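Chain by chain, the residues:
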Amino acid sequence: MSELIVKRNDKDWYKDLIIYQVYPMSFMDGNNDGIGDLRGIISKLPYLKELGINAIWLSPIYRSPFVDNGYDISDYRDIDPRFGTMDDFDEYVNECHKLGIYVIMDLVVNHTSDKHPWFVASSASRDNEFSDYYIWRDEPNNWAGAFGGSAWEYSEKRGQYYLHTFSKGQPDLNWKNERVQHEVLDMISWWCGKGVDGFRVDAISYLDKADFDYSPNPVDVSGYAFALDINSNRPGTHRLISMLRTQGFDKFNAMSVGEVCCYTPEDNYNYSSDSRKEFNMAIPFVPPVLEIETWSPLNMKKQIKESYEVLKEDGWWARFLSNHDKPRQVSLYGDDKNYRELSAKFLATITELLPGTPFIFQGEEIGMTNVYYDSIDDYNDIDMKNMYELERMKGKSDEDAFRFAQSISRDNARSPMQWNDSINGGFSLTRPWLNSNPNYKEINVEKEEKSSDSILSYYKELIALRRNSYTLRRGLFEFMDFDSPYLFSYKRYTKDDEYLILGNFSKDKVIAEYDINGYKPVLKNYNKNYSKKIASMEPYEVVVLERM
Ligand code: GLC
Ligand code: CA
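Definitions and cut-offs
- Residues numbered from 1 in each chain as written.
- Chains lettered and ligands numbered in written order.
- Predicted model: local features only at pLDDT ≥ 70, side-chain atom pairs only at ≥ 80, totals over all residues.
- Heavy atoms only, no water.
- Near = heavy atom within 4 Å.
- Polar contact = N/O pair within 3.5 Å; in protein donor to acceptor, adjacent residues only side chain to side chain.
- Areas by Shrake-Rupley, 256 points an atom, 1.4 Å probe, with all protein chains shown as cover.
- Nonpolar A, V, L, I, M, F, W, Y, C, P; charged D, E, K, R; others polar.
- Pairing = 2+ DSSP bridges.
- Helix = DSSP H or I, 4+ residues; strand = E, 2+ residues; numbered from the N terminus.
- Salt bridge = Lys/Arg side-chain N within 4 Å of Asp/Glu carboxyl O.
- Axes fitted to C-alpha atoms, helices over the stretch in contact; angles between N-to-C directions.
- Contact = heavy atoms within 4.5 Å.

A. Geometry of the site of ligand 1. The immediate surroundings of ligand 1 are formed by 14 residues, with D68, D202, E259, H324 and D325 found nearest. Here an oxygen atom of ligand 1 sits 2.8 Å away from a polar atom, N or O, in the side chain of D202. Here an oxygen atom of ligand 1 sits 2.9 Å away from a polar atom, N or O, in the side chain of R410. When ligand 1 sits alone it has 310 Å² of accessible area, and the protein chains cover 97% of it. Along the lines of polarity and charge, the residues of the shell around ligand 1 split into four nonpolar, three polar and seven charged.

Here's what the structure looks like:
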């Protein structure tokens, strides 16, 4: 086995990445002011190198008023002071590259902050050079913003309403305006010039808007319908994305992953096929409420199969169970009480050995869990606070509304990284912007590093396994026992090589029937011997076998 070298000039280089998502506010605080920052991240690069990942996606670190934690940008070419300086950033890029880690940035261009100078100018009058950078109307329609209320906000100065798909602090850019398109292309070139290797492109399904006179049936009592639903996946948006690809990313062979709405297999294909030249791969966005209500192992398998079929000849996938918008994976899909370690290892294995580029969200490699703060005031997430109010308006008690909001809160993923068992989990000496999960005494990196059986040690083996096997990275894929609601098993193979990934996605022991004669285990989460046959599987058991 030889060390995997990802050649940045290869057309398909992004297919061999293992991407680690850092949520900068919560990763590591370098100057002890309670907020994570670039110096903190730099200090932990050796940790990430040892984990085995070869790319880092940073959630936004640009200058921002932080209405939506940095997804509201007021200067695309500056670093927010809470994260450090441009020198820190340059050093970050250098250090990453020295370690063979590629640099992926978040590109947020559906909207800017309402404090962005373009918007400040645009809202001042109807006849300046930025007047058409945003979407203005004399009257609002019944579209709603994703974080509650009307998607239109009145500007006194200009005497018109502007559209915001998300919060009112996030006005939508007017992509019909070619100057806006050029601003974004210039900005992409500028960051690539600084050494950035790729982009995770935020909320990008809504660039082209429907006819404003279109007022669909309201979806809620207040008579609103979500702008987000109305405007997603329009042909005009696809044309703009392919323009960004050919005139932007491709000039630098930069990788791109779009956060998009995928309602059908065609949507998957349109965004992430090679031949259409939009994104290299897609992160399908599913609202947490919907995910919590509808997920099941069988549904997951169906989605994986469907998108595999539609893209296998001509496209690629992003593989992930977690990010900064979702509950912790071990809490949502696993069992964070009775089988935390086993289910964390299980989930990682079945996800990261699929065809596609794996994404690991900070903390999942040590099995971090959801948070349960005492009161709504302990939380920060704008989305959750809005849900809480909505549930109360619908008549739920404070207590019930709070429990519900807690379950979907994006803060579950955003609590500080747990490095050791000292104050605030070693994240900061000052009380963090969002409290540490009190379980940091039990769950932390230092403790995990000491045990060869830990989740962290398992992740290292799993990542190494993938890095060292062409078959696991690029080979073909096929589900086994597809119809079973519990078993989650598949094959990865090429003409010379084959792996079986056999798993039980449940809390119960289940009957299984696998002939494993001629295979040897290369990774497992139970201390068990495997030979010839498997007749049953323990809760969350997973084993990876290689054909001898
Ligand atoms: C994406 C981000 C999310 C943000 C939203 C608006 O979904 O992942 O955190 O709130 O876009 O930018
Ligand atoms: Ca700091």
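Still more to cover.
B. Spotlight on the pairing of strand 8 (residues 152–155). Sheet topology note: the strand 8/strand 9 (residues 160–163) ladder contains four bridges and is antiparallel. Bridge pairing links Y154 to Y161 in strand 9. The turn joining strand 8 and strand 9, which pair antiparallel and follow one another in sequence, is formed by four residues; a positive phi near 70° is taken by G159.

C. Representation of the pattern of salt bridges. With the rule as written, the count across this model stands at 44 salt bridges. The shortest N-O distance in the salt bridge between K11 and D12 comes to 3.4 Å. Put simply, E50 and K460 hold a salt bridge, and the shortest N to O gap is 3.1 Å. Highlighted residues: E50 in helix 2 (residues 45–51) and K460 in helix 17 (residues 455–468), separated in sequence by 410 residues. Within the structure, one salt-bridge network assembled from shared partners comprises D68, D325, D381, R410 and R414.

D. Focus on the sheet that holds strand 18 (residues 497–503). Pairing is antiparallel across the open sheet formed by five strands, whose spatial order is 16-17-18-22-20. Where the open sheet ends on each side, the last strands, each with one partner, are strand 16 (476–480) and strand 20 (519–524). Within this sheet the neighbouring strands show an average axis-to-axis angle of 20°, counted without direction. One ladder, built from five bridges, connects strand 17 (residues 489–494) with strand 18; its direction is antiparallel. Note on strand 18: the bridge partner recorded for T494 is D497. Across the face of the sheet, helix 12 (residues 340–352) comes into contact with strand 17, strand 18 and strand 22 (542–547) while running at roughly 40° to strand 22.

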